[in-house]
Each structure stands twice: as C-alpha cells, then as structure tokens.
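One letter stands for each residue in the lines below.
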Amino acid sequence: MAANGNASRGSICKINVNTFSRRLQVLYTNWRLHKDELWGSADVLVVATPPPSNDLRYLKSSALSIWLLGYEFSETIIVFTDKHIHFMCRPKKASLIEVVKKSAKETVGVDVVVHVMAKNDSGSSQMDSLLDSIRSVSNSVGYIAREAPEGKLLEMWADKLKGSGLLLSDMTNGLSDLFAVKEENEISCVKKAAYLTACAMKNFVVPKVENVIDEETKVTHALLMNDTEKAILDPVKIGFNLKSFNPKADTVDICYPPIFQSGGKFDLRPTASSDDEFLYYDSSSVIICAIGSSYNSYCSNIARTYLIDSNAVQSKAYEVLLKAHEAAILALKPGRNISVVYEAALAVVKRDAPELVPNLTKSAGTGIGLEFRESGLSLNAKNEQLIRAGMVFNVSLGFQNLQAKTSNPKSRTFSMLLADTIIVTDNGSDVATSASSKAMKDVAYSFSEDEEEVKVKHEPKEKDAVFAKATLRSDNGEMTKEVLRKQHQAELARQKNEETARRLAGVGSGNGDGRAAAKTANDLVSYKSVNELPPPRGMMIQIDQKHDAILVPVYGIMVPFHVATVKTVTSQQETNRNCCIRIVFNVPGTPFAPHDANSLKNQSAIYLKEVSFRSKDSRHISEVVGLIKTLRRNVIARESERAERATLVGQEKLVLSGNKFKPIKLHDLWIRPTFGGRARKLMGSLEAHTNGLRYSTTRNDECVDIMYANIKHAFFQPAEKEMITLLHFHLHNHIMVGTKKTKDVQFYVEVMEMVQTIGGGKRSAYDPDEIEEEQRERDRKNKINMDFQNFVNRVHDLWGQPQFRDLDLEFDQPLRELGFYGVPYKSSSFIVPTSSCLVEFVETPFVVITLSEIEIVNLERVGLAQKNFDLAIVFKDFKRDVMRIDSIPSSSIDGIKEWLDTTDIKYYESRLNLNWRPILKTIMDDPKKFIDDGGWDFLNLEGTDSDSDNSGESDLGYEPSDVEPDSASEDDDSDSESLVESEDDSDEESEEEKGKTWEELEREASNADREHGAESDSEDERRRRKIKAMGKSRGGGGGGSSGGAAAKRTRFR
C-alpha cells in the first residue's frame, strides 16, 4: 500500500513506526506549547474521520489520520489526552494500531487504548466509554468545529458529544499550524505531485489545445476536462517517468476536476467547473486551463492563461499579471509576514496598470499540502503569520472580468489566471511547477489564415503575419498587404534613423576597420644555459625537437638557433653528386618580411642572414630539411594556439552532477568543429550538468565544456529534409575545441547511412526489400529525433530553475517554411530564420546572425528581370563587416520582405551592389552629416534610380559595383596572429588613391552600358564578365521558392 492513501486495502497496510513516533512528538509538543492560542485551551483533543467516499473532499480529520498514521482510517474516532490515546475502530484497523503502542509510550509517555467495534455493532457503548474517559481528565475538549458529521456512526458521536455537557472549543488553528511546515519526505511528495501537474499541462493540455485550434475542431470544455483527468490518472503516458514512481504502491489522483474556460464566461474560484460550451479560439480569445493533481495525497496546482491573437489590452494585462505573479513568488521568503506576498503583487499592478487594481483577485493563493487549501495560510493583505522554510503555497493570482474594445461578446469580457506550486526554502522559494512555461512568448499564439480574405475590425498587428498574400479589409475599405508593409517600413525607417542618431552621438569616429593591434610575442629561448646543449655528433646539422632548436656548425662550433627564427629551408642537388642545404633566417631590415618583437628589440645586433652546407649524402640532407620544416610547422601551430588561448575569456569551472541527480545524457554524437587529427573521428556523449554541458569521447584529452552562462543562443534542428539531426550552441565568448578557437559548437547524428549499391540496376518501387529498407530509415530518423527532443525537453526543465532565470535560455527551432536558398560564403545553403536569429547549420562555416544586432538590411540587384538578388546585412556595430548572402532566387523576395517586416527589421532595395566599407567609414567619420542628409534614406530604390547619372557624386562616397570583398563571419577574428607568422594588413585607403586599373575601367563601362539598356540579360554573359573583372564568381543559388503562402500553423511570439 502507498505511504499515504486509503486503508481499504488493509491486508497490505503497514504503519511506519518511525514516522508515527516523530510526528506524534511534534503533535504533543505543539499542543503543549500553544494550547491557549491555537488549540482553544483544550485538555483533550477529539478527531472523528468520516466513511470512505468517491467525492473529492479535504477534511482536517482525514489529513491528521494520513499525516500521523500514513493512511486515511475511515470511521475512526481518536481521542488524545495527556496520558492516553484512544482509538475506536473496526477490528482490521485495530490490528494495525497494535504496532504503535510501544513507540507511543516511549516517545511521549502515553498509553494507546483501542476500543474495537464488532462488524454489526453500532458503537454506542464504545462511545459512552470514550466520554467517560474524557470526563475523567477534563471538561475542556477540542474538536474540528467546521466539519459536519458524515454517516450514522459520526452523526451518533456528534450528538453524544454535544449532549455530554463538555466544554467544546475549535482546534482548527492548531491543526493548520501542525500541517504548515512539511518534512523532507512530504516535500518530496509535493515535488512529485507538482512535476506530474506540470507534465500534464506541458505534455498533454497544451498539445491537445494546439491541435484542436490548428485543426479547427469543436471540442467542449467538459470533454477536455475528462481527457485531462484520464491523462493524469495514467501518468506514464504524459512523461511522468520518475524512477521512484511505483504505480502499484504510489497513488496519483486529481485534486479537482480540470478546469477549462473560454468564450467570455470565466470563474477564477477553485470550485469552478468546466461547462459544455465549445472551446472558443477565434481572434482575441482567452483560454484558461487549471489542473491540480496529488501524489500520495499531497496536492499541487497549476493554472495558465493562453492568448489567441491577443489585442493590446489583453497583452498588457497579461504582462502586468505575469510581473505581479513573479513579484508574489519572490516575496515568499522565511521570516516575512504572509501579507507581504499580496502587497508585493498589488504594488506591481498599482505601478504598471492602476486601472486593473479593482479586477485583481483579493488573495494571492493559499497554503497547500494534504489539503488543497490550508486554512490559516491564505495569501491576503490581512494575514500576519510568519513564513517559514518548509511551507508550501499555491500562489494563484488573476484578473476577473476585464473588458476589451471589441464587438464580439465572447471576446469582450475576459479573465486571466496564473498559479504555481511554490516551496519555501531556507534562502527563498522554489517553483515546483516550473516545467510548464508561463512566459509571454510561450502562451501567446498567432495564427495565419489560408483564406483569401480575413475580416478584421482593428489595425492588424505586423507580428501576426507569416508568409501570406491574403487581403486585409478595414472599416475604411480595402488595403493590400503590400501597402500595409510599406506603411510599417516607413515607420521603421523613422525609428531606425532616430535610433542610429542616438547611438552615433556617443561614439567616436574610430578607425572603422575593426582590426586590433597585433600581439607581441614572448622572448624566444631554446636553452637557458650552455649546459643544456646536447652533445655534438660531429660537424653535422642537429635537430633538437625537445627545445625547438636546430644546431648548425659555424667555424667548428655548434651554434643553436630557435626554429622560429628560420624563414625558409631548401635543398638543391648539384651536378657533382653534392647536395646543398640552404637555411634563410628572419633578420631586421628585410623588405616585405614580418618581424616579431625579438628582432625589433635588438636591431643593433649582428644577425646571421643565411647559411649553406654541402653534403654528399643527399638522403641525409632531405631528412634534415623535412625535420626542420616539420618542427617549424609544429611550433607555429603551438604558438598560434597559445596566442588564441591568450585571448579567451575566463570561464567558470563545470560543476558535475552528483549521484543524487544524474546528468542528462545524449549518446553517440559527432562534434563540429572536430578535435583534429588526420583521418580520425570518434563519437562522444553530451551531458547536462549543474552549470554547463560536457562533451567527451573515449579519449581523455578530447573534452569540451560549455557553460550555461556562456550560451547566447541554443538551437535544435530535427532531421526533416537534411541528413543530420543536430544541437547547435552559439556562444558569447570563444572557447577552444581541440586547437580551434570558436564561438559555434555543434553536436549531430547522421540519421541515414550513405550506401552505394554496386552492380544493381533500377529497383522496383514495390520491391519488398526496398520498402523495408525505407521503413527502417524512417524509424531510425524518428527515433533519433525523439531522443534529441527528450534531451532538449529535460534540459529545458533544468534551465527553468530560478538560478538560470536571468540567462533566458531556451532551445530555438528553425522555421523551415520561412527558409530560402543563398550563398553566404562559397556554396549554396538553405538559410532558415528562427524567432531570434537567421541560421544555417549544415554547411560550414556556420551562419548565426542575431536579429537584435541588425541595423538594416539592403536587398541588392533587385529588379531588371534578374533571376537572383543579394542580401546585405548591416550590423549596429559599424566596425563589423557587412554580412552578405548572395544569389538568392528572386522568387523568394516576397517571403523575405514579409519576414523582415514581421520582425521589425527595416529593409531597403537597390539595383546594384554597394561597397559597404567606405560607406560605413564615412558614416562614422561624420555621423552628423549622415543624419542631416536623411540617414539611411539614400538607400531607397526610388531615390537611387531617379538620378542615376549623378549617383557617383553621393556624399557618402559609395561606389555602385558588382565587386564586394568577401564578408567575414560575425565571429571571425582579424587579430589572430601567431608568434612566427603574421600578415601585414594592406592599407585599403592607399589602393583607392592610385590610378584606376583596366579591370576597374572595364567594370565602370559595363555599369554604364547596363544603365543605358545596352546590357544583355543573359546570366552566362554576366557571369563571364564577373570572372574577368574580379577573378571569381559567386555561386548560384539553387532550390525552390519559399515565398508561397505557408500552411496554417501556430507560432510563438
């Protein structure tokens, strides 16, 4: 039998003697210390438990029975006195009580007396015996005044007790205080109940409601209630897979019938019920879902409000309610008065939306445990009780009967409710139901319509649209989406110019090249003393790999040189069977040669520039040359890695999960970038620990730690049309993966094996082997996707803990229907937006562009019957290179415009490619002139076309050109110079001061011909001209269009 439950299965019931002794001591201690203020000055306590019932009820008599004995002993009367405990019950229960007699005597010094009622006995004589025992002690008796007697036995006892002439007083407050602070095993039961409740909401209710709305089916609130209740009673099916859960021993149940409300009829009381009305999910509708479940009789509760195409009033009300709810939770700290909790929530509403104060619920919830509502722990403004660690509260806050300006009566009146189960800890509070999100982006839904026309009576919200070409009707007439988009873009242009002006006002001109100064190297030292030199082996060149040195004979003496001072080493075969080796060193004063700090510090010293040796052993010479080159290459790589590591930001140390909480694991993964090594790749495992992730292989030196605090974006991309399922992490600061410095780390699994059939011709589509093989591939892909999804869900739950709340971490998922093909680097890729980024994860280098860091987007080479166009992304940090995505099919332009508009990104269009480096440098050099000239308005297509003859006289100094330097990734560092080798960055300004080359003149002539219409529209001719002008051509984008109207789907805001 369960630790807490009904004792009807008495044959397997067993009272935990240790728990009974411990709690009996707590009962008597509390009673003796607080007899007058909590227990009604009673010398005797009387509790009578009712008969079994299928109804959901919460009685303090039943709670005391479960708390003390572990089971609800039905139809049992318990009398506590200072020297005795009397039990009046049936024979089966009497046999169970025998085991506590000894412990009761040892613990509090009382004797247990059992009054057994026969099967058909009415119990009258036993009741008279109990009353006589009470009178022998005192006339002051405490009982539960608010509980009405149920059944003939308790009704008879109530009549006898009231007619006994004893002085009765209410002891409810004493029992409330007794149950208020939970023990460790009680907290464990509450946490499991809360996890069950959150799983039901997250894994059943939300997908169920989403499916109903997406398929536009009619489902009543009552049907949803019944389905949810069945899901709770079968917890394994909704993801409640705790290892400690035993369905045969542990009991789960609902605390109340699940509540579903919508369509303007709302009741925020826990006694509310789900009616037979259909779930209403049209525009501006509100849906309230509330679930309560119990685990071994300990209760938990959760309530969420979901917004469907919410209007401004609803969105503001929910944001205020969410802040107030969070404030109430944060106020739950030990030592404070309970009234502080409601006052904290009320203060938020008064500050942010004072007009909503009359609609706020009068309390912020109640205590919760064995009872769903623990009396005495109501979170209202008048309760002055102290909050103590171990208390558990159902923090429930809502707005009742709010009004929205809409003509639809079902969406005009709405209410909102949020509730969570909170456990008070020594340092604050813990949200036990945090697995179910209540963030605005997770509860506010936006739906696109597939119909040709959608009738609305208010201004449409730009963020509610996906790729669609439906016509919106307003009260003033018909207005196309293109017009609405232009209006929104005009407003964005005004806002963007103001934002840019404010940002540039606080920034100096800078050099505009975004390059850092080269790093100086440490002194090159091979040997600290002469004693470390290896013994000479004749007058031969020696390679000391341990000290990174070469020793050459000079005038009969072995002279050491650090291998980093070697510039080149070559060998040459002479005609007379001799072989010559030539070693050239780095020395100061050599033109066009890089120098490290060592040569610059000792310019007055005498340097050896070159040495040559002859030998008749050509094989030995070749071996020496190979060893020097290998050693030089290894030193360069090592020093480069050391220089890279020197620029890394320090990370916190990974805290491994202990035995109590095992890490979340995902096995058999590949990593990109790889650790290194030639022709070797090992699979590894990814583990989620206390404060970060760890990827490791079977080799001890192959390990990567990713701290949660260093994660900027996390992505999960299941395999749909790709060959891999992956997790991708984009970081704030660089880390080292093997010898590579990176901000992007990816873990992936190949969902299909690459198999080549040798000697086989075409196979029939109905071939059983072919069908079976395809089915195996589908099963494998689905299993891998599910494994990744389970890992993501569990890590999400981990990130929902209070310590990670400020990091705002979540796994984002690419929206494939918004994707398009383009060439960000050298090859065509399928680039996909997410809610916060623009990404591409299959081809390397990866593309991760944070939308919030984008200043503007310029669509280049638009029009003129072109098959492709380019997309230039200008970042808010003007020192960053512009990111280019080339050769995007023109069929995708409408979809890209719509997506940019819905994400509030200002875009422009131009007929030609722009040279962005001088443009951005000009802006930073004179930001005031840039703002005075209209800001980014110079990019408007109409403006640039109206006076094409004078386009070269632009004050911003940009050159319309097809030539654009390859844009670097947002994470590439231009300052990663090694100790030995570095490259001098040529001054780009000096090139512009020289005379124009033939290529530049030819390009200008080509541009002039195009403007006068003399240019052919042939794609091949344009490509040939590009090859001739710049030495390479950009790859063409492939694939289909993504600009059609997308299927209806839910999208989080």
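Draft legend 1. Spotlight on the overall build of the protein. Scanning the protein from terminus to terminus reveals 24 helices and 43 strands. Buried residues in the protein amount to 48% of all 1053 residues. With an accessible surface of roughly 52300 Å², the protein has 50% of that area assigned to carbon and sulfur atoms.

Draft legend 2. Up close: the environment of Ser124. Considering the arrangement of structural elements, one finds Ser124 in helix α5 (residues 124-135). What makes Ser124 partly exposed here is its relative accessible area of 23%. Between the C-alpha atom of Ser124 and that of Leu153, which follows or precedes it by 29 residues, the distance is 8.7 Å. Beyond its immediate sequence surroundings of up to four residues, Ser124 is in contact with Met156 and Lys160.

Draft legend 3. Summary view of the confidence of the model for the protein. In this model, the protein carries an average pLDDT of 80, and 78% of its residues clear a pLDDT of 70 or more. Within the model, the stretch residues 755-759 combines pLDDT values under 50 with zero contacts to residues more than four positions away or in other chains. A low-confidence stretch, residues 1013-1020 stays under pLDDT 50, and its non-local contacts, those more than four residues away or across chains, total eleven contacts.

Draft legend 4. Spotlight on the nonpolar core. Leu24, Trp67, Phe80, Ile287, Leu332 and Phe393 are the most contacted members of the largest nonpolar core, which has 135 residues in total. Discounting residues that sit within four places of it in the chain, Trp67 has contacts with Arg23, Val26, Leu27, Leu178, Phe179, Glu186, Tyr298 and Leu370. In this structure, Tyr695, Ala719, Val749 and Val751 belong to the second largest nonpolar core, which totals 35 residues.

Draft legend 5. Representation of the packing of aromatic side chains. Scanning the model with the defined rule gives 20 aromatic pairs in all. Ring geometry for Phe715 versus Phe841: centroids 5.1 Å apart, planes at 50°, classification tilted. Placement of the pair is Phe715 in strand β31 (residues 711-717) and Phe841 in the loop between β37 (837-840) and β38 (847-850), with a sequence separation of 126 residues. Overall, Phe715 belongs to the buried group, its relative accessible area being 0%. These aromatic residues form a ring-pair network of at least three members: Phe675, Tyr695, Tyr708, Phe729, Phe747, Trp799, Phe804 and Phe811. If you follow Lys218 out to its NZ or CZ, it ends over the ring of Phe278, 5.8 Å from the centre. Sitting over the face of the ring of Tyr748, Arg672 holds its NZ or CZ atom 5.1 Å from the ring centroid.

Draft legend 6. Local environment of the pairing of strand β40 (residues 868-875). Counting buried positions over the eight residues of β40 gives eight, a clear majority of the element. Burial of the side chains of β40 extends over both faces: Asn868, Asp870, Ala872 and Val874 are buried on one face and Phe869, Leu871, Ile873 and Phe875 on the other. Two strands pair when backbone bridges link them, and strand β39 (residues 854-860) and β40 are joined in this way by six bridges, in the antiparallel orientation. Bridging across to β40, Asn858 finds its partner in Ala872. Summarising the sheet, β40 and strand β41 (residues 883-889) pair through five bridges and their orientation is antiparallel. The residue bridging Phe869 from the neighbouring strand is Ile888, located in β41.

Draft legend 7. Structural detail: the side chain of Gln866. Note that Gln866 resides in the loop between β39 and β40. On the basis of relative accessible area, Gln866 is assigned to the buried category, the value being 13%. Within the structure, the side chain of Gln866 is placed 3.4 Å from the side chain of Arg861, a separation counted as a polar contact.

Draft legend 8. How the structure looks around the sheet that holds strand β26 (residues 610-615). The strand order across the open sheet formed by three strands is β24-β25-β26, and the pairing between neighbours is antiparallel. The outermost strands of the open sheet, each flanked by one partner alone, are β24 (566-573) and β26. Taken pair by pair, the neighbouring strands of this sheet meet at an average axis angle of 15°, ignoring direction.

Draft legend 9. Structural detail: the pattern of salt bridges. Within the structure shown, the criterion is met by 50 salt bridges. Taking the shortest distance from any N to any O, the salt bridge between Asp870 and Arg861 comes out at 2.9 Å. On the basis of relative accessible area, Arg861 is assigned to the buried category, the value being 10%. Among the salt bridges present, the one from Arg917 reaches Asp881, with a minimum N-O distance of 3.3 Å. Here the residue Arg917 occupies a position in helix α19 (residues 916-925), and Asp881 occupies one in the loop between β40 and β41, the gap between them amounting to 36 residues. On the basis of relative accessibility, which here comes to 27%, the residue Asp881 falls in the partly exposed class.

Draft legend 10. Highlighting the packing of helix α14 (residues 481-505) against helix α18 (residues 893-902). Between α14 and α18, the shortest axis-to-axis distance is 10 Å and the interhelical angle comes to 50°. Taken together, the axes of α14 and α18 lie oblique to each other. When you trace α14 past α18, the crossing you get is left-handed. Contacts between α14 and α18 involve Lys481, Arg485, His488, Gln489 and Leu492 on the former and, on the latter, Asp894, Lys897, Glu898 and Asp901. Along the lines of polarity and charge, the residues of the contact of α14 with α18 split into one nonpolar, two polar and six charged.

Draft legend 11. Seen up close, the packing of helix α2 (residues 60-69) against helix α7 (residues 172-180). Packing of α2 against α7 brings their axes to within 11 Å, and their N-to-C directions diverge by 40°. Relative to α7, the element α2 is oriented oblique. With respect to the hand of their crossing, α2 and α7 are arranged in left-handed fashion. Where α2 abuts α7, its residues Lys60, Ala63, Leu64 and Trp67 lie against Thr172, Leu175, Ser176, Leu178 and Phe179. The residue makeup of the contact of α2 with α7, split by class, is six nonpolar, two polar and one charged.

Cut-off values and rules
Residues numbered from 1 in each chain as written. Predicted model: local features only at pLDDT ≥ 70, side-chain atom pairs only at ≥ 80, totals over all residues. Heavy atoms only, no water. Helix = DSSP H or I, 4+ residues; strand = E, 2+ residues; numbered from the N terminus. Buried < 20%, exposed > 50% of the residue type's maximum accessible area, 1.4 Å probe, protein only. Areas by Shrake-Rupley, 256 points an atom, 1.4 Å probe, with all protein chains shown as cover. Contact = heavy atoms within 4.5 Å. pLDDT = per-residue confidence, 0-100. Core = buried A, V, L, I, M, F, W, Y, C linked by side-chain atoms within 4.5 Å. Phe/Tyr/Trp six-rings, centres within 6.5 Å; stacked < 30°, edge-to-face > 60°. Lys NZ or Arg CZ within 6 Å of the ring centre and 35° of its normal. Pairing = 2+ DSSP bridges. Polar contact = N/O pair within 3.5 Å; in protein donor to acceptor, adjacent residues only side chain to side chain. Axes fitted to C-alpha atoms, helices over the stretch in contact; angles between N-to-C directions. Salt bridge = Lys/Arg side-chain N within 4 Å of Asp/Glu carboxyl O. Parallel < 35°, antiparallel > 145°, perpendicular 65-115°, else oblique. Left-handed = near helix turned anticlockwise from the far one by under 90°. Nonpolar A, V, L, I, M, F, W, Y, C, P; charged D, E, K, R; others polar.

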